[in-house]
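A closer look at the structure
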Amino acid sequence: MTLQEEILRRKEERDAVLLAHNYQRPEVQDLADYVGDSLYLSRKAMESDRSVIVFAGVRFMAETAKILNPKRTVLLPDLKAGCGLADSITAEQLRAWKKEHPGAVVVAYINTSADVKAEADVCCTSSNAVKIVEQVPPDREILFLPDMFLGEFVRKRTGRAMHLWVGDCPVHAKLRPEDLERARTEHPGAPVIAHPECGCATQAMSTVDRVLSTDGMVRFAEETRAPEVLVATEVGILHRMEKLNPSTRFTPIDAGAICPYMKEITLEDIRDSLALDQYRIEVPEETARKARVALERMVAA
Ligand code: 13P
Ligand code: SF4
């Protein structure tokens, strides 16, 4: 029996669903029941009626699944699958920031710990951040955290004054406007699509054709008729793009843009996770209750 067949068998036995983020290893994506961005996977986790949710993603995604669907067992196959961006703010730091701005509305990106979400009024993902901020009454101050590049992008798009937490994603922040300029010169005429966590997307917005969530980028890739597209995000996404549209060439702006956290999860980890019931993600009840309010507003938006 192949490893893939063993996983499918164990998945069946445990009545499990396998969710995978767009940055996961190709072989993990190929085996998953659903592959997508943070918002899509949050919705899939929330709606799931399976006993077990195996999350091939990173810890904040598995925590979100547990908060939105607390009756299910949620497994993260490797506990080293964290997120450098989520680590850039703690609940204590957020409480101190809130004290400096009493009455402000706290908008927390989904890339945060459950403790931080519990201190937020509403969560957002890269695909609905603009919409969420637009829904905040105009007379209210906004604290946006923790990604300053996404925050700056939303600020430009909405025209809303917002206080931004100075956090960034170690993978996306490395992509600079100069990288984009170079790629544009080397590949004239190729459209550029970028994730809003990229430094280059906000600082050189006029040179980017579309700023999109990972699923937004995949949809663009599927529909484009361009012979080549330049892609500014983590390279794991190229697998889906190439599968969905084999006639376009997808060129990464930086082939070294690899998220080490996303790559922690292997097929062996997934097999072991189902066989050994590891690693169960739990969120303390009070934290989950508060975080759920912010997450349900995100999912409903
Ligand atoms: P998406 O919600 O666009 O998939 O982004 C998640 C993420 O971690 C990007 O680094
Ligand atoms: Fe976190 Fe960046 Fe990895 Fe996304 S790419 S999971 S934001 S470290």
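See the structure printed just above.
Residues numbered from 1 in each chain as written. Chains lettered and ligands numbered in written order. Predicted model: local features only at pLDDT ≥ 70, side-chain atom pairs only at ≥ 80, totals over all residues. Heavy atoms only, no water.

Once that is clear, we can look at the pairing of strand β3 (residues 52-56). If a strand is regular, its side chains alternate between the two faces of the sheet. Of all the 5 residues making up β3, 5 are buried; the element is thus mostly covered by neighbouring parts of the structure. Side chains of β3 alternate between two faces, with Val52, Val54 and Ala56 and Ile53 and Phe55 buried alike. Across 5 bridges, strand β1 (residues 16-21) lies against β3 in parallel orientation. Note on β3: the bridge partner recorded for alanine 16 is valine 52. Where β3 meets strand β4 (residues 73-75), 3 bridges bridge the pair, whose relative direction is parallel. (Buried < 20%, exposed > 50% of the residue type's maximum accessible area, 1.4 Å probe, protein only. Helix = DSSP H or I, 4+ residues; strand = E, 2+ residues; numbered from the N terminus. Pairing = 2+ DSSP bridges.)

A few words now on the site of ligand 1. Around ligand 1, the structure places His21, Tyr23, Asp37, Ser38, Asn111, Ser126, His172, His195, Glu197, Ser213 and Thr214. At 2.6 Å from an oxygen atom of ligand 1 is found a side-chain nitrogen or oxygen belonging to serine 38. Protein coverage of the free-state accessible area of ligand 1, which is 310 Å², stands at 96%. Looking at the shell around ligand 1, its residues break down into 1 nonpolar, 8 polar and 2 charged. (Near = heavy atom within 4 Å. Polar contact = N/O pair within 3.5 Å; in protein donor to acceptor, adjacent residues only side chain to side chain. Areas by Shrake-Rupley, 256 points an atom, 1.4 Å probe, with all protein chains shown as cover. Nonpolar A, V, L, I, M, F, W, Y, C, P; charged D, E, K, R; others polar.)

Turning our eyes to something else, we now look at the sheet that holds strand β6 (residues 122-124). Strand order in this open sheet of 4 strands is β6-β5-β7-β8, and the pairing throughout is parallel. Every other strand in the sheet has two partners, leaving β6 and β8 (163-164) as the edge strands with one partner each. In this sheet, β8 lies alongside strand β7 (residues 142-145) in parallel orientation, the contact comprising 2 bridges. Looking across to β8, one finds that leucine 143 is bridged to histidine 163.

Read these as geometric descriptors, not functional statements.
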